[in-house]
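Close look at the chain arrangement
Each chain is listed here by its residues.
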Amino acid sequence: MIVQSSISPRLRPLLPPRRELHPPTFSPSKLTVPHSASIVSPINLILFSLLILLAYFRLRGSPTQSLPKGPEPIVFRTFTPPTLKPYNGEFNMPVYLAVRGKVFDVTPGRNFYGPGGPYENFAGRDASRGLACGSFDEDMLTKDLNGPLDNLNGLGDAEMEALQGWEERFNEKYLIVGKLVPVAEGPKKES
Amino acid sequence: MAAESTSIFQQLDFQLEQILASWNIYTLLIGLILVIYLIYPLFYYAEPDIYPLLLARQSAASPVRQPGESSSFRSLETPHGYPLKSGLNVKDPGAPKWTSGKDGDLRDIWKRAVSGFVGNDDKPTGEAGKVLTVLGKEEAIEYTFAKLSAEINAIGQHVKAHGEGRVAIYLPNSVELLVSLFAATFYGITPILVPPEQPLDTLAGILRETRAEVLIAGAGALPLTELLQQYKSLKQMIWVVERTSRHMDWNEVPEGVGGNADIAVWHDIIEDKASAPSELPTEVLGGTVPNILFVVEDGLSAMDSYEIIEFTQKNIVAAVGAQISVLPRNHRLAPTDLLTPLASLTEMYPLTVTLAALFSNASLALTPVSGPTVPYSSAFQGASPTIVIAGTQTLSNLCKHHERVQSHKIGIGHWWKSRSLETGVLPKVSGTSNPRLIYTYDKSNASTVPLSPLEFFNLKLFTGARFVYAFTDPRVAGAVSQTNIFDYSKRGHGEDGKSHFGPPLSSVEIKMRDTGESKSEGGRSVGQLVISGPAIVGGQVVADQILCMTDENTLAYT
């Protein structure tokens, strides 16, 4: 039990430690190690274990860097108007629309084509006539989903040109994820 | 506050003071070592050779896939929506810089080799390579491209004068092989590349199936009388005679041989037409540039069975163009490189890489010691190549040799270099004449020795070179895919921990077709390999193997 002097605790760290019996061995003549300055004093052990720990972390090697996997590729599908209709952005479904038989994934343009957007009537439907005429009215879309596709009769050259322009824009901007066929030619449901 | 027992903080403070007070010389030593250990990397940090995340996604997958197939994968140089690389992009010397060049054919490769290096700004600098034939340690004969052009003219005119249209080339790696190949291309004769050292029956069968009319072979490599008995429609025989045997008369035909083959000798043809111009014909006599026939070993059928595959010039230049652009810009084939093929140039992949080197004005050192099982050291006798093309058997033997011979030295040095390689820095290896790049390849449908990932890793430590491991298919010109030269990982893929073959080249597009057992689902692409693009004979081919794509979008066996 070491008895501390009457020096107050605050001043204690400023004084040299009183238990130090040997001066620091700086003098070159004292190359022999005094028996109490051993290598296994606590501070040495702490520093040594710190060194070993750092060496371990550096030499263990880091795992190879990897990127998180991207989204899975979308399977190209043959759609019929009834099967395309659910893809209008509601209930977290992606937004698809069809132009001249090609189904485009317009989910990146959800603000326009998704629910609440200005073009929301096109989502999940065949938008060819609407794009050609530049109108979002309900009567641009085919009413009977089980009938044949809109064959775009009654459209003039200007409208066909507009449709061509729209189709090129869609080709450049969005992915083609399927093709649209009428119900009569569509894939038979597997029982 | 002054209780009899001091508070817990005072006790801790006291203990801490005791610990810190017990410092001595050893404390100072350990502290110094610690400080040096922390500060050392600030001064000696080596950056990895490539940014690591670039190796995490090495090819581009298409976002849409057809049912029954996986998504298609392409090189990052030619993403989806852009055309695949189809040729050499050869521009006329005076054309403006932004014109897109033509695809070209093998004649453009020779013309570029003759005319010299053309830099990025389309200004020719005149640096040209040369071709060496290395005959053992003492002798290396150097040829200039002007002299070789004269030889091409001589051989081409000789064969054409006799009216033949199909020439079979049955030579080891040598200048004569290159001259014959280019003479055939310039003069409209169809070359047939036959791998050397075939049994006589196989050779006769090959000649019969390809309807060869001329045979160019090394003198003494085959018994002519027996061959003429088996294949009677050979019209001409050209012997390539070594210097040491030129005193013998090779022109005479033994009695009773049968057939009416003319016999000629290579050096006589060259000397007869010694005054031939070295200007190469600009138009191919006889119409179009010929297709090139390769004879490939069909390893999955019976022994000694082979297949004849005809490649068009467009297939081959697409592959050569892809080989040139797949290397990073600072490590491309350059006029300062010397290439030694240790694999026979009658195989598709070594020939493609050699043509890429010729187009890049590198020099070639050809040694007749070539084939699947030659020792690695035979590339370094008489020349110091910077680029080597070797078969996997050669490299596997090298690996085993190193492990056997140097096993007592493998210790801390090897471990330290392995660590350096794992962090992405290639360690330097002792020795002055080490190559910088080694090409090796795996042939699907044939019996090649695979290199395990650990062997592939250790080879970089033993040779100090970067490696390219390519996957080739018989019907694809060049390679289907090849590893990035900075990809030093030693992870295995699949059940057996096999090597991967890197991303596809820019001349091909690959996808996997579902088979009964292997289907591409859940983001994983596995199945029968379907390869399409301008480098494929017929546009598309389905390989017999089941392969998969790894997480880094590289090709690997399952």
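Residues numbered from 1 in each chain as written. Chains lettered and ligands numbered in written order. Predicted model: local features only at pLDDT ≥ 70, side-chain atom pairs only at ≥ 80, totals over all residues. Heavy atoms only, no water.

When helices and strands are tallied, chain A shows five helices and five strands. When the helices and strands of chain A are placed in sequence order, the string is α-β-β-α-β-β-α-α-α-β. Taking all 191 residues of chain A together, 29% fall into the buried category. Across chain A, every contact between residues at least 6 apart in sequence was considered, and the portion connecting residues at least 24 apart equals 62%. (Helix = DSSP H or I, 4+ residues; strand = E, 2+ residues; numbered from the N terminus. Buried < 20%, exposed > 50% of the residue type's maximum accessible area, 1.4 Å probe, protein only. Contact = heavy atoms within 4.5 Å.)

To characterise two packed helices, one gives the angle between the axes of the helices and the distance between these axes. Residue and element names in this part refer to chain B. Two numbers describe how helix H4 (residues 145–161) lies on helix H5 (residues 175–186): the axes approach to 8 Å, and their chain directions differ by 60°. Taken together, H4 and H5 sit at an angle that is classed as oblique. Judged by the twist between their axes, the crossing of H4 over H5 is right-handed. In this structure, H4 contributes Leu148, Glu151, Ile152, Ile155 and Gly156 to the contact, and H5 contributes Val175, Val179, Phe182, Ala183 and Phe186. The residue inventory of the contact of H4 with H5, partitioned by class, reads eight nonpolar, one polar and one charged. (Axes fitted to C-alpha atoms, helices over the stretch in contact; angles between N-to-C directions. Parallel < 35°, antiparallel > 145°, perpendicular 65-115°, else oblique. Left-handed = near helix turned anticlockwise from the far one by under 90°. Nonpolar A, V, L, I, M, F, W, Y, C, P; charged D, E, K, R; others polar.)

As a further point, take the confidence of the model for chain A. Looking at chain A as a whole, the pLDDT averages 79, with 79% of positions reaching at least 70. A low-confidence stretch, residues 29–33 of chain A (pLDDT under 50), is modelled with one contact involving residues beyond four sequence positions or located in other chains. (pLDDT = per-residue confidence, 0-100.)

Before going further, it helps to spend a moment on the side chain of His267(B). Residue and element names in this part refer to chain B. By the secondary structure assignment, histidine 267 is in helix H8 (residues 266–272). Note on histidine 267: relative accessible area 13%, which makes it buried. Sequence-distant contacts of histidine 267, that is, excluding residues within four places in its chain, are made with Val241 and Arg246.

Moving on, we get to the packing of aromatic side chains. Inspection of every chain in the model, using the stated rule, returns 29 aromatic pairs over all chains. Look at Tyr113(A) and Tyr174(A): their rings are 6.3 Å apart centre to centre, the planes differ by 85°, and that puts the pair in the edge-to-face class. A residue pair is termed long-range when its members are at least 10 positions apart, and Tyr113(A) in helix H3 (residues 110–113) and Tyr174(A) in the loop between helix H5 (157–173) and strand S5 (175–180) qualify at 61 residues. Across the pair, exposure class does not vary: Tyr113(A) and Tyr174(A) are buried alike. Grouped by ring-pair contacts, the aromatic residues Phe104(A), Phe112(A), Tyr113(A), Tyr119(A), Phe122(A), Phe136(A), Trp166(A), Phe170(A) and Tyr174(A) constitute a single cluster. Here Arg58(A) stacks its cationic end above the ring of Tyr37(B), 4.2 Å away from the centre of that ring. The lysine or arginine in question, Lys490(B), covers the ring of Phe457(B), its NZ or CZ lying 4.6 Å from the ring centre. (Phe/Tyr/Trp six-rings, centres within 6.5 Å; stacked < 30°, edge-to-face > 60°. Lys NZ or Arg CZ within 6 Å of the ring centre and 35° of its normal.)

The next subject is the nonpolar core. Residues and elements named next belong to chain B. Among the nonpolar cores identified, the biggest contains 122 residues, and Tyr439 and Leu555 are the most heavily contacted of them. Apart from the residues lying within four places of it in its own chain, the contact partners of tyrosine 439 are Gln323, Leu327, Leu333, Tyr349, Val353, Ile387, Val388, Ile389, Ala390, Val468 and Gln482. Core analysis: the second largest hydrophobic core is formed by 26 residues, Ile206, Leu224, Leu227 and Ala261 among them. (Core = buried A, V, L, I, M, F, W, Y, C linked by side-chain atoms within 4.5 Å.)

Residue and element names in this part refer to chain B. Viewed as axis vectors pointing N to C, helix H12 (residues 412–422) and helix H13 (residues 453–463) meet at an angle of 115°, and their least axial separation amounts to 10 Å. Relative to H13, the element H12 lies roughly perpendicular. Crossing geometry of H12 relative to H13 is assigned as right-handed. On H13, the residues touching His414, Lys417, Ser418, Leu421 and Glu422 of H12 are Phe457, Asn458, Lys460, Leu461 and Phe462.

Residue and element names in this part refer to chain B. Domain annotation of chain B identifies domain 1 (57–85 + 313–557) and domain 2 (131–311). The distance between the C-alpha centroids of domain 1 and domain 2 comes to 30 Å. Tallying the contact residues gives 32 residues for domain 1 and 37 residues for domain 2. Interface area, domain 1 with domain 2, both sides summed: about 2,800 Å², of which 65% is carbon and sulfur. When residues of domain 1 are sorted by the area they lose upon contact with domain 2, Gln313, Thr346 and Leu366 head the list and together hold 26% of the total. Where domain 1 touches domain 2, the interface holds one salt bridge. For glutamate 307, the salt bridge identified is with arginine 475, shortest N-O distance 2.8 Å. At the surface where domain 1 touches domain 2, the tally comes to eight residue pairs in polar contact (both at pLDDT 80 or more). Those elements that provide at least two residues to the side of domain 1 that touches domain 2 are helix H9 (313–326), strand S13 (338–341), helix H10 (348–359) and strand S14 (363–366). (Domains from an automatic or database assignment. Buried area = accessible area lost by both parts, 1.4 Å probe. Salt bridge = Lys/Arg side-chain N within 4 Å of Asp/Glu carboxyl O. Polar contact = N/O pair within 3.5 Å; in protein donor to acceptor, adjacent residues only side chain to side chain.)

The next point concerns the sheet that holds S5(A). Residue and element names in this part refer to chain A. Pairing in this open sheet of four strands is mixed, and the strands run S2-S5-S4-S3 from one edge to the other. Looking at which strands have only one partner, the edges of the open sheet turn out to be strand S2 (77–79) and strand S3 (96–99). Across the sheet, the axes of successive neighbouring strands diverge by a mean angle of 40°, strand direction being ignored. Direction of pairing for strand S4 (residues 102–105) relative to S5: antiparallel, over a ladder of four bridges. Looking at the pairing, aspartate 105 lines up with leucine 175 of S5. Lying over the sheet, H5 contacts S3, S4 and S5, oriented at roughly 50° with respect to S4. (Pairing = 2+ DSSP bridges.)

Glancing now at the pattern of salt bridges. Inspection of every chain in the model, using the stated rule, returns 19 salt bridges over all chains. With its nearest N and O atoms 3.4 Å apart, the salt bridge here joins Lys102(A) to Glu167(A). Placement of the pair is Lys102(A) in strand S4 and Glu167(A) in helix H5, with a sequence separation of 65 residues. In this structure, Lys498(B) engages Asp496(B) in a salt bridge whose closest nitrogen and oxygen atoms are separated by 3.7 Å.

Right, let's get into the interface of chain B and chain A. Contact residues are listed per partner, giving 39 residues for chain B and 41 residues for chain A. The contact between chain B and chain A buries some 3,600 Å² in all, and 66% of this surface belongs to carbon and sulfur atoms. Per-residue buried area on chain B facing chain A is highest for Tyr26(B), Ile30(B) and Tyr37(B); these three make up 16% of the total on that side. Joining chain B to chain A, the criterion identifies one salt bridge. Residue Lys69(A) pairs with Asp551(B) through a salt bridge whose shortest N-O separation is 3.4 Å. The tally of links between chain B and chain A comes to nine residue pairs in polar contact (both at pLDDT 80 or more). Residue assignment for the side of chain B that touches chain A shows that the elements contributing at least two residues are helix H1 (8–21), helix H2 (25–44), strand S2 (64–65) and H12 of chain B. For the side of chain B that touches chain A, a count of residues per class yields 22 nonpolar, eleven polar and six charged.

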